[in-house]
Each structure stands twice: as C-alpha cells, then as structure tokens.
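Residue-level structure breakdown
Listed here are the chains, written in short residue letters.
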Amino acid sequence: MTGTKFFESVDDVEARLAETGYLASEAVATTVFLADVLGKPLLIEGPAGVGKTELAKAVAQASGSRLVRLQCYEGVDESRALYEWNHAKQLLRITAGRDETWDDARTDIFSEEFLLARPLLTAIKGDEPTVLLIDETDKADVEIEGLLLEVLGDFQITVPELGTIRASRPPFVVLTSNATRELSEALRRRCLFLHIGFPDAELEQRIVRLKVPGLDDTVAESLVKVITALRAMELRKAPSVAETIDWARTLLALGADKLSEDVVRATLGVILKHQDDVVKADARLELDKS
C-alpha cells in the first residue's frame, strides 16, 4: 500500500516541520520522509519530553492533516481503541419497532448508524488526510498490540456484524513509546523505527531561541550547559527538552540577565521533579562556571 505522500524530500520535511516550530535533525527528517513514502507506521522511542508526540502533531500541521489520537493506558481495550455499539440508541430503535421481526431489527441496529467509532476506526474510515497518533503504546496491556496488528499491517478493521472496513486513504501512523516495557517483535516488524534522544547542545540552543525568542543568547547558552551537566548525572528523572523550554520561559519571566547561582537554586524545581535529584544537583553543579 502506497504512502500518503505528504512530503517531496527529506529537505522538504525539515523545512515544513520547522515552519510549525519543530526543529528536526537530519535523522528525524529522513525517517519521517521514508515512513511517508513507504506507507509504513513510524515507531518512535525515547525518554519522556524529547518531542515524540510533538513530532506527530507537527507532521499533521505541516501536511494540513487532521490528527486522530489514541492515548494508551493500562486497561485500554477494544471499545476504547476500535469501536463500540451505541446500546442506548439500539434499545430505543428496538422499542420503536415492536411489531417487526428480530431479523429486521437486527439488520438495522447493527448498521453504521449505531456504531461509535473510536480513534483507530475513525482514522481508517476517513477520506481526508489523517495522522493517527498512538501515544505511549508501552503503557497499554500486551493484548492491545493484537488489535494494532491488523490496523497497521493492512490498514483495515474487522467488525463482525459489518465485515471488514478498509482504509480508502491510509493514515500516516505514529506510535510513541517511553520503553517502560518491551513491545512485541510482530508490532516492531510493521514499523519503521526512530529513537529520539536528547538533542546536542547546538540544536537545543536553536530550540530554545525558537520557542523563547525573548531570552538573552548568553542566558540560553548557559542554561543549555547546565541542562547538559544535569543529564550527565545519575538522576531519577533527567530534564527533558520540554523542561528546558519551561526553564527558559521561567528565566525570561524573572527577567534574569544571567544564570547566577541564586537564580539556578531558586528555579531547580522547574527542571527537576524529585527532591533527591534537587539535592544532588545542588551539591554537584559548579554554578559559577556555567
């Protein structure tokens, strides 16, 4: 099955994502382009807050597509992911047609009029350009992966009462994972794989300047140095790119013209989320050299 053809080249991906505010590395832009051309789902792994979900949103915005999102969690099941029947409406229909046979009623109530499409079916049924985001796939139970195989392998869903519904225009599919559990090999085989880690210092500074344009360049450079130093420590939760941006906005709001020791110590709670991490950072950061 052919790809959605959102992009013309790797450079086109990089340029159009940048227009949405997402600065993609060459590796990210290349993988997005290949997923588009080959019509393959894109599995993105990496630590929380590095831009996995934002990449899917940026692809949707850059391509003018609707974004359909399935947020995974423990216990998400077929009725939340695929579809369910509108039982209240079915009962009303049966009550209204008391004089008809069950065969006649059954044919009517198990029609698309009574079907509640959830994210996977919504993405498959649509005729418009669509990005399907299956977010935090690793948080769902293993059983949910079985539901995904038919969708990702053939872009179709089988509803026993209606038959098989095939996509007339396959969506661009993005799955994200924080790798809290290992995904099955069967699921991985159907996808192109992309790992997004923390960006290098140069790219992170570019991100900060793009997202927080009012921040002084010297302060931006200093805060990225501190963030890099924190990530090198054995912390319970290393600061993500999202927290780098939050910190930059914090410093701008405070009117900080330099990253002084007092400012850093007062705002560590913006980038570190555990007290033992704050204590460790407070003891080990050479703040005056940042």
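Our structure is the block above this text.
Residues numbered from 1 in each chain as written. Predicted model: local features only at pLDDT ≥ 70, side-chain atom pairs only at ≥ 80, totals over all residues. Heavy atoms only, no water.

So, the overall build of the protein chain
- Looking only at helices and strands, one finds 14 helices and nine strands in the protein chain.
- With the C-alpha coordinates of the protein chain rotated into their principal frame, the extents come out at 85 × 40 × 35 Å.
- Of all 290 residues assigned to the protein chain, the portion counted as buried reaches 47%.
- Contacts in the protein chain between residues far apart in sequence, at least 24 positions, make up 75% of those at least 6 positions apart.
- On the protein chain, roughly 14400 Å² of surface is accessible, and the fraction owed to carbon and sulfur atoms is 49%.
- Both charge centroids of the protein chain, one from 35 positive and one from 50 negative side chains, sit 1 Å from each other. (Helix = DSSP H or I, 4+ residues; strand = E, 2+ residues; numbered from the N terminus. Buried < 20%, exposed > 50% of the residue type's maximum accessible area, 1.4 Å probe, protein only. Contact = heavy atoms within 4.5 Å. Areas by Shrake-Rupley, 256 points an atom, 1.4 Å probe, with all protein chains shown as cover. Lys, Arg positive; Asp, Glu negative; His and termini not counted. Charge placed at Lys NZ, Arg CZ, Asp CG, Glu CD.)

Section: the environment of leucine 120
- With respect to the helices, strands and loops of the structure, leucine 120 is situated in helix α7 (residues 119-125).
- Residue classification places leucine 120 among the buried positions, given a relative accessible area of 0%.
- The spatial distance from the C-alpha of leucine 120 to the C-alpha of leucine 147 is 9.5 Å, given a sequence separation of 27 residues.
- Sequence-distant contacts of leucine 120, that is, excluding residues within four places in its chain, are made with Leu70, Ala81, Leu82, Leu132, Ile134, Leu148, Val151 and Ile157.

Here's the deal with the sheet that holds strand β9 (residues 192-195)
- In spatial order, the strands read β2-β5-β8-β1-β9; together these five strands make up an open sheet with parallel pairing. Where the open sheet ends on each side, the last strands, each with one partner, are β2 (66-71) and β9. Sheet twist, expressed as the average angle between the axes of neighbouring strands with direction ignored, equals 20°.
- Examined bridge by bridge, strand β5 (residues 130-135) and strand β8 (residues 172-177) share four bridges and lie parallel to one another. Residue pairing in the sheet places leucine 133 in a bridge with valine 174 of β8. (Pairing = 2+ DSSP bridges. Axes fitted to C-alpha atoms, helices over the stretch in contact; angles between N-to-C directions.)

Some points on the packing of helix α1 (residues 10-19) against helix α2 (residues 26-38)
- Where α1 contacts α2, the axes come no closer than 8 Å and their chain directions differ by 110°. As summarised for this structure, α1 and α2 are arranged roughly perpendicular, according to the angle between their axes. Handedness of the α1/α2 crossing: right-handed. Between α1 and α2, the contacting residues are Val10, Val13 and Glu14 on the first element and Glu26, Ala29, Thr30, Val32 and Phe33 on the second.
- A per-class count over the contact of α1 with α2 returns five nonpolar, one polar and two charged. (Parallel < 35°, antiparallel > 145°, perpendicular 65-115°, else oblique. Left-handed = near helix turned anticlockwise from the far one by under 90°. Nonpolar A, V, L, I, M, F, W, Y, C, P; charged D, E, K, R; others polar.)

Here's the deal with unusual backbone geometry
- With a phi close to 55°, glutamate 136 is a non-glycine residue in the positive phi region.
- One non-glycine residue, alanine 179, lies in the positive phi region at around 60°.
- The topology assignment puts alanine 179 in the loop between β8 and α9 (185-189).
- Accessibility expressed as a relative area gives 48% for alanine 179, which makes it partly exposed.

Description of helix α3 (residues 52-63)
- Spanning twelve residues, α3 covers 17 Å between terminal C-alpha atoms, matching the ideal 16 Å at 1.5 Å per step.
- Taken together, the buried positions of α3 are Lys52, Thr53, Leu55, Ala56, Ala58, Val59, Ala60, Ala62 and Ser63.
- One or two residues past the end of α3 sits glycine 64, with phi positive at roughly 65°. (Expected span 1.5 Å × (residues − 1).)

Details of the packing of aromatic side chains
- Enumeration according to the criterion identifies four aromatic pairs in this entry.
- Each ring, one from phenylalanine 6 and one from phenylalanine 172, has its centre 6.0 Å from the other, and the planes form 25°; the classification is stacked. Linking phenylalanine 6 in the segment before α1 with phenylalanine 172 in strand β8, this pair joins segments that are 166 residues apart in sequence. Phenylalanine 172 shares its class with phenylalanine 6; the two are buried.
- Look at tryptophan 85 and phenylalanine 110: their rings are 5.1 Å apart centre to centre, the planes differ by 85°, and that puts the pair in the edge-to-face class. Separated by 25 residues along the polypeptide, tryptophan 85 in strand β3 (residues 83-85) and phenylalanine 110 in the loop between α6 (102-109) and β4 (115-117) bring together distant segments of the chain. (Phe/Tyr/Trp six-rings, centres within 6.5 Å; stacked < 30°, edge-to-face > 60°.)

Thoughts on the state of the cysteines
- Under the counting rule described, the total for this entry stands at zero disulfides.
- The closest cysteine sulfur to the non-disulfide-bonded cysteine 72 is located on cysteine 191, 12 Å from its own sulfur.
- Residue classification places cysteine 72 among the buried positions, given a relative accessible area of 3%.
- Overall, the relative accessible area of 9% leaves cysteine 191 in the buried class. (Disulfide = S-S within 2.5 Å.)

Digging into the packing of helix α10 (residues 201-211) against helix α11 (residues 217-231)
- Close contact between α10 and α11 brings their axes to 10 Å; oriented N to C, the two are set at 130°. It follows from the interaxial angle that α10 and α11 lie oblique. With respect to the hand of their crossing, α10 and α11 are arranged in right-handed fashion. Contacts between α10 and α11 pair Ala201, Glu204, Gln205, Val208 and Arg209 from the former with Asp217, Ala220, Glu221, Leu223, Val224, Ile227 and Arg231 from the latter.
- The residue inventory of the contact of α10 with α11, partitioned by class, reads six nonpolar, one polar and five charged.

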